[in-house]
Amino acid sequence: MKTLIIEDDTGALNRLRACVDHFCPQLKVAGEGRSVAEGFRLIHEKTPDLVFLDIRLPDGTGFDLIDKLDSVNFHLIFITAYDDYAIKAFEYNAVHYILKPFLPEDIVKAVSRAERQDPVGVTIKTLIPSLRPSVKATKIAIPSVTKINYIHTADILQCESDGPYTVLYLEDGSQLISTKPLKEYDTLLEPFGFYRIHRSHLINLDKVSEYRKGSMDAVILKDGTVIEVSRKKRKGFLLAMSLH
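Keep in mind that this is a model prediction, so the values were computed, not measured.

### A closer look at the side chain of Arg196
Alright, step 1. For Arg196, the position within the fold is in strand S13 (residues 194-198).
Alright, step 2. Of the polar contacts made by the side chain of Arg196, one reaches the backbone oxygen of Arg199; its length is 2.6 Å.
Alright, step 3. If we ignore the near neighbours within four places in the chain, the residues touching Arg196 are Leu182, Lys183, Asp186, His201, Leu202 and Lys233.

Pasting the structure below:
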């Protein structure tokens, strides 16, 4: 089976490729992509029989990629690090998935399940709304050492990493220190229009007033805060702003 792997994390991509090569001889990897754009191009060029598709990609999500396709006439296995709620959605809809961090037997089982069924076809496109993280609830819980604050996502300007903690800067000028790391807020807030422009900074795209290009690319938020945009994140950020 002609196979594609769409995964932006180098470690996960290499592990998946090694598992396929060693434990799934019926699969032949015909290409690897690291973004929605690359995945879209590869699917049209290679016409695969099976695609391993990461959900979180630099320029969007695996769901965005599926939305762009006219049809889905191949087997599809999602790669996800989402929480239990999202996993239940996958199981309820009988969608094939691999949960990070994965083991070789996880790959073998997912491939075996996919092979026993017909390619997902257009039905997967009708399932996308139920698989996406819900964006209806706009209030989130922010745990600190002594209490839990409940705030609206629209009130957050940006989140900054502080070791194992995260500092949330709010529109009214106040700050909250959460006991959760930034990577958890990256996953939690991405559906609400947040983008991680730097290893240490996650911003609310609605609060961006200006983008400056130069020796150091930077965004200026509505409160005047200037934050560097890393070179690796520049293209993804510009695309996210154009689609936001």
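### Regarding the sheet that holds strand S7 (residues 97-99)
Within a beta sheet, neighbouring strands are joined by backbone hydrogen bonds and run either parallel or antiparallel to one another.
Alright, step 1. Taken together, the five strands give an open sheet; going across it, the order is S2-S1-S3-S6-S7, and neighbouring strands pair in parallel fashion. In this open sheet, the two strands that pair with only one neighbour each are strand S2 (28-33) and S7. If you compare each strand with its neighbour and ignore which way they point, the axes differ by 20° on average.
Alright, step 2. Packed on one face of the sheet, helix H1 (residues 10-23) meets strand S1 (2-6), S2, strand S3 (50-54) and strand S6 (75-80) and runs near 170° to S2.

### Examining the packing of aromatic side chains
Alright, step 1. According to the stated counting rule, one finds three aromatic pairs in the structure shown.
Alright, step 2. Geometrically, the ring pair formed by Tyr195 and Phe237 is tilted, given 6.5 Å between the ring centres and 50° between the ring planes. With Tyr195 in strand S13 and Phe237 in helix H8 (residues 231-243), this pair connects stretches of sequence that are 42 residues apart.
Alright, step 3. On the accessibility criterion, Phe237 (1% relative accessible area) is buried.
Alright, step 4. By way of ring pairs, the aromatic residues Tyr195, Tyr211 and Phe237 are connected into one cluster.
Alright, step 5. The ring of Phe102 has Arg15 sitting right over it, with the charged end atom 5.8 Å from the ring centre.

### Let's talk about the sheet that holds S13
Alright, step 1. Strand order in this open sheet of five strands is S12-S11-S10-S14-S13, and the pairing throughout is antiparallel. Every other strand in the sheet has two partners, leaving strand S12 (175-178) and S13 as the edge strands with one partner each. Adjacent strand axes in the sheet meet at a mean angle of 20° when their direction is disregarded.
Alright, step 2. Two elements, strand S10 (residues 156-162) and strand S14 (residues 201-204), share three bridges in a ladder whose sense is antiparallel. Bridging across to S14, Gln158 finds its partner in Ile203.

### Remarks on the pairing of strand S16 (residues 218-221)
Alright, step 1. Side chains of S16 alternate between two faces, with Ala218 and Ile220 and Val219 and Leu221 buried alike.
Alright, step 2. Bridging between strand S15 (residues 208-212) and S16 involves four bridges; their strand directions are antiparallel. Within S16, the residue paired with Glu210 across the bridge is Ile220.
Alright, step 3. Where S15 hands over to S16, the hairpin turn is made up of five residues, counted between the paired strands.
Alright, step 4. Where S16 meets strand S17 (residues 226-228), three bridges bridge the pair, whose relative direction is antiparallel.

### Comments concerning the pattern of salt bridges
Alright, step 1. Following the criterion strictly, the structure yields 11 salt bridges and no others.
Alright, step 2. A salt bridge links Arg17 to Asp21, with the nearest nitrogen and oxygen atoms 3.3 Å apart. Within this pair, Arg17 and its partner Asp21 are both found in helix H1, separated by four residues, close to a single helical turn.
Alright, step 3. Taking the relative accessible area as the measure of exposure, Asp21 reaches 48% and is therefore partly exposed.
Alright, step 4. Across the salt bridge formed by Glu210 and Arg212, the nearest N and O atoms sit 2.9 Å from each other.
Alright, step 5. Salt bridges sharing common partners tie together Arg56, Asp186, Glu190 and Arg196.

### Some thoughts on the side chain of Thr153
Alright, step 1. Topologically, Thr153 is positioned in the loop between strand S9 (148-152) and S10.
Alright, step 2. Contact partners of Thr153, with chain neighbours within four places excluded, come to Thr138, Ile140, Leu189, Phe192, Phe194 and Asn204.

### Remarks on helix H7 (residues 182-189)
Given 3.6 residues per helical turn, the α-helix brings residues three or four places apart onto the same face.
Alright, step 1. Three or more residues of H7 are buried, namely Leu182, Tyr185, Asp186 and Leu189. Angularly, the buried residues of H7 cover 110° about the axis, an arc narrow enough to put them on a single face.

Here is what the cut-offs are and how they apply
- Residues numbered from 1 in each chain as written.
- Predicted model: local features only at pLDDT ≥ 70, side-chain atom pairs only at ≥ 80, totals over all residues.
- Heavy atoms only, no water.
- Helix = DSSP H or I, 4+ residues; strand = E, 2+ residues; numbered from the N terminus.
- Polar contact = N/O pair within 3.5 Å; in protein donor to acceptor, adjacent residues only side chain to side chain.
- Contact = heavy atoms within 4.5 Å.
- Pairing = 2+ DSSP bridges.
- Axes fitted to C-alpha atoms, helices over the stretch in contact; angles between N-to-C directions.
- Phe/Tyr/Trp six-rings, centres within 6.5 Å; stacked < 30°, edge-to-face > 60°.
- Buried < 20%, exposed > 50% of the residue type's maximum accessible area, 1.4 Å probe, protein only.
- Lys NZ or Arg CZ within 6 Å of the ring centre and 35° of its normal.
- Salt bridge = Lys/Arg side-chain N within 4 Å of Asp/Glu carboxyl O.
- Arc of directions from axis to C-beta.

These figures capture arrangement, not role.
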